[in-house]
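# Chains, contacts and geometry: an overview
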Amino acid sequence: MSNDWYSDFVNSGIGKAIAGNVGLPPVPKLRRWEPGQPLLSGPALLGTATADGRVAKVVRAVLAEAGVEVHEDPNAPVGGGSSTSKVAAAIVDATGLSSPADLAAIQGFLTPCMRRVGPSGRILVIGDVPAEAERPAVRAARRSLEGLVRSAAKEARYGATVNLIHVADGAENDLESTLRFFLSSRSAFVDGQRLDVGTVPGYTGSSAGTDWDHPVRGKVAVVTGAARGIGRTVAKTLARDGATVVAVDIPSAGEALARTANDVGGTALQLDITADGAGEAILSHCERHGGIDIVVHNAGITRDKLLANQDTDRWNSVIDVNLNAQLAINDVLMASSDDTGFHRGGRIITVSSMAGIAGNRGQTAYGASKAGVIGLVDATAPLLAAKGATINAVAPGFIETDMTAAMPVGTREAGRRLSSLTQGGLPVDVAETIAWFAQGASYAVNGQVLRVDGQNYLGA
Ligand code: NAD
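- The name an unreviewed UniProt entry gives the protein is 3-oxoacyl-ACP reductase, with Actinomycetospora atypica as the organism.
- Listed in UniProt under the heading Sequence similarities (unreviewed entry), the comment for the protein reads: "Belongs to the short-chain dehydrogenases/reductases (SDR) family."

## Some words on the site of the ligand
- Contacts to the ligand come from 26 residues, most closely from Arg228, Ile230, Asp249, Asn298 and Tyr366.
- At a separation of 2.6 Å, an oxygen atom of the ligand approaches a polar side-chain atom of Asp249.
- Within the side chain of Tyr366, a nitrogen or oxygen atom sits 2.5 Å from an oxygen atom of the ligand.
- Taken together, the residues of the shell around the ligand break down into 13 nonpolar, nine polar and four charged.

## Here's the deal with the UniProt feature "domain: Ketoreductase" (unreviewed entry) in the protein
- In the numbering used here, UniProt assigns the "domain: Ketoreductase" (unreviewed entry) feature to residues 219–402.
- Taken as a whole, residues 219–402 contains 45% helix and 21% strand, while its terminal C-alpha atoms sit 30 Å from one another.

## Here's the deal with helix 6 (residues 176–183)
- The element helix 6 is largely enclosed, with a buried count of eight among its eight residues.
- Of the positions making up helix 6, those classed as buried are Glu176, Ser177, Thr178, Leu179, Arg180, Phe181, Phe182 and Leu183.

## A look at the sheet that holds strand 8 (residues 244–249)
- In spatial order, the strands read 9-8-7-10-11-12-13; together these seven strands make up an open sheet with parallel pairing. A strand with exactly one partner marks an edge of an open sheet, and here the two such strands are strand 9 (267–270) and strand 13 (449–452). For this sheet, the mean inter-axis angle between neighbouring strands, taken without regard to orientation, is 20°.
- Bridge count for strand 12 (residues 390–396) against strand 13 is four bridges, and the pairing is parallel. Note that in strand 13 the partner of Pro396 across the bridge is Val452.
- Relative to the sheet, helix 8 (residues 254–263) contacts strand 8 and strand 9, its axis offset from that of strand 9 by approximately 155°.
- Along the sheet face, helix 15 (residues 427–438) touches strand 10 (292–297), strand 11 (342–351), strand 12 and strand 13 and points at about 170° away from the line of strand 12.

## Topic: the pairing of strand 9
- The alternating pattern of strand 9 places Thr267 and Leu269 on a buried face and Ala268 and Gln270 on a face that is not buried.
- Relative to strand 9, strand 8 is paired through four bridges, and the arrangement is parallel. Across the sheet, Val248 pairs through a bridge with Leu269, a residue of strand 9.
- Crossover strand 8 to strand 9 through helix 8 is right-handed.

## Considerations on the nonpolar core
- Counting residues in each nonpolar core, the largest one holds 66 residues, and the members touching the most others are Leu40, Leu63, Ile165, Leu179, Phe182 and Leu238.
- Ranked by residues supplied to this core, first place goes to helix 15 with seven residues.
- Membership of the second largest hydrophobic core comes to 33 residues, among which are Val200, Val248, Ile319 and Ala325.

## Structural notes on the pairing of strand 5 (residues 161–167)
- Taking burial as the measure, the seven residues of strand 5 include seven buried ones, the bulk of the element.
- Where burial is concerned, the two faces of strand 5 agree: the one with Thr161, Asn163, Ile165 and Val167 and the one with Val162, Leu164 and His166 are both buried.
- Summarising the sheet, strand 4 (residues 117–128) and strand 5 pair through seven bridges and their orientation is parallel. Paired with Arg122 across the strands is Thr161, a residue of strand 5.
- Crossover connection from strand 4 via helix 5 (residues 136–155) to parallel strand 5: handedness right-handed.
- In terms of strand pairing, strand 5 meets strand 6 (residues 194–197) through four bridges, oriented parallel. From the neighbouring strand, Leu164 faces strand 6, where its bridge partner is Arg194.
- Running through helix 6, the crossover from strand 5 to the neighbouring parallel element strand 6 is left-handed.

## A few points about the sheet that holds strand 5
- With respect to topology, six strands assemble into an open sheet ordered 2-1-3-4-5-6, the strand pairing being parallel. At either margin of the open sheet sits one strand with a lone partner, and together these are strand 2 (70–71) and strand 6.
- Along the sheet, helix 6 makes contact with strand 3 (87–94), strand 4, strand 5 and strand 6, crossing strand 4 at roughly 150°.

## With respect to the pattern of salt bridges
- Scanning the model with the defined rule gives 25 salt bridges in all.
- With a shortest N-O distance of 2.9 Å, Asp338 and Lys387 are connected by a salt bridge. With Asp338 in the loop between helix 10 (312–335) and strand 11 and Lys387 in the loop between helix 12 (364–385) and strand 12, the pair connects residues that are 49 residues apart, well separated along the chain.
- With relative accessibility at 32%, the residue Asp338 sits in the partly exposed group.
- Salt-bridge contacts for Asp453 lead to Arg451; the nearest nitrogen and oxygen are separated by 2.7 Å. In this structure, Asp453 and Arg451 share a single accessibility class: buried.
- One continuous salt-bridge network, built from bridges that share partners, spans Asp4, Glu400, Glu413, Arg416 and Arg417.

The rules behind the values
- Residues numbered from 1 in each chain as written.
- Predicted model: local features only at pLDDT ≥ 70, side-chain atom pairs only at ≥ 80, totals over all residues.
- Heavy atoms only, no water.
- UniProt positions renumbered as here; feature names shortened; annotations may be inferred.
- Near = heavy atom within 4 Å.
- Polar contact = N/O pair within 3.5 Å; in protein donor to acceptor, adjacent residues only side chain to side chain.
- Nonpolar A, V, L, I, M, F, W, Y, C, P; charged D, E, K, R; others polar.
- Helix = DSSP H or I, 4+ residues; strand = E, 2+ residues; numbered from the N terminus.
- Buried < 20%, exposed > 50% of the residue type's maximum accessible area, 1.4 Å probe, protein only.
- Pairing = 2+ DSSP bridges.
- Axes fitted to C-alpha atoms, helices over the stretch in contact; angles between N-to-C directions.
- Contact = heavy atoms within 4.5 Å.
- Right-handed = clockwise from strand over helix to strand, strands pointing away.
- Core = buried A, V, L, I, M, F, W, Y, C linked by side-chain atoms within 4.5 Å.
- Salt bridge = Lys/Arg side-chain N within 4 Å of Asp/Glu carboxyl O.

The structure is reproduced here in structure tokens:
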């Protein structure tokens, strides 16, 4: 039993029958990642929109390495079955578009795919970056992909997702970790989204030799707010993926913090991240681990009030924890030594929120802080590129935590059901996305904000 009574009901024997008869929306069970799970659970269809496509061969190589059966004809019989047998993924190389007329080839490929992609399947469209095109017809065609993908995601069923990757000119060989994330069940709750690869110049790195089951092996990861909720799950997920975790939280959460640190075989640092010298305290604690590779700014608070009733103390506490503390810690990290401090090729991942993108009633302070996090990412990405490092953000939507369990029933049900996947996400969905940003192999993913929200209907 989950704490989502509606999902439990429509997935029960009798509930399924009643829901089917009266037309209640189903709640698909999403496939989630486990160590050793194959990249895809079945065959894939791979289409190319134009003869100028530059990513199909990269995709084919990744699928071949993962042992996936690949077909180019969307009506091909697969897996020893028929031309209607289910596939685990459909991928379109939509690079090289010269005008909107080229979009018809993508439609022609995807139309049969919409029925063929099975439960928790993946549809992935890979296109060029619109802003890199000068000619209006080319830019229009490239930009069209976003509307196509966001709409198709609202039509996909049984937990299948549809996402768009933009690949900067020359970045086609820097796609592997992104392809693996979006195709695998690590991205279970990322739906109807766009991610740009290689758009911040100056990145360096390689995915050669990556152990995809333990992609952060040997790395030291600091996770703030790790005593409970999403932070605790991030700590567990990074440890599962091979990192040594330093779990940070306020002293009053010391007992829970110690539990997290013990569970993941890491160390605990009791610290209020808003305290003077917090960045230095993190650096000095991590010296025993040989420095820092990954920092996850997860700690966050809400002090919800209508703006008409807001007071400045509450306002400042939200801005301090959710935004100022991150800015101050990042300054210390960036000024630290490459050897004993924040290492070259480091990763910073911060937690924004749907409220920072779409806004939320009663959350002006929280929304301001979480939108501020996006500005922080934008401005810090080029600074970190110079250090071979990256910064990215996740923007969770409705995630099943103590915070959302305490919401009034109506708000909670709306948060869950008004999304393409008709359910709340789990902390592990946010954690998997953070763990992917944290990989060394994600070196070309910089300055991105990715919503982990099951394509919640609130906001973009
Ligand atoms: P939570 O309240 O369960 O956990 C937050 C943790 O941060 C707590 O352990 C808390 O003690 C710690 N913390 C707070 N202030 C701190 C400080 N000054 N110094 C050190 N640690 C501090 O929250 P959660 O639901 O797990 O959320 C984690 C992050 O995800 C937050 O940034 C939150 O804004 C964001 N988020 C959550 C949701 C959701 O649906 N739960 C949605 C969007 C964004």
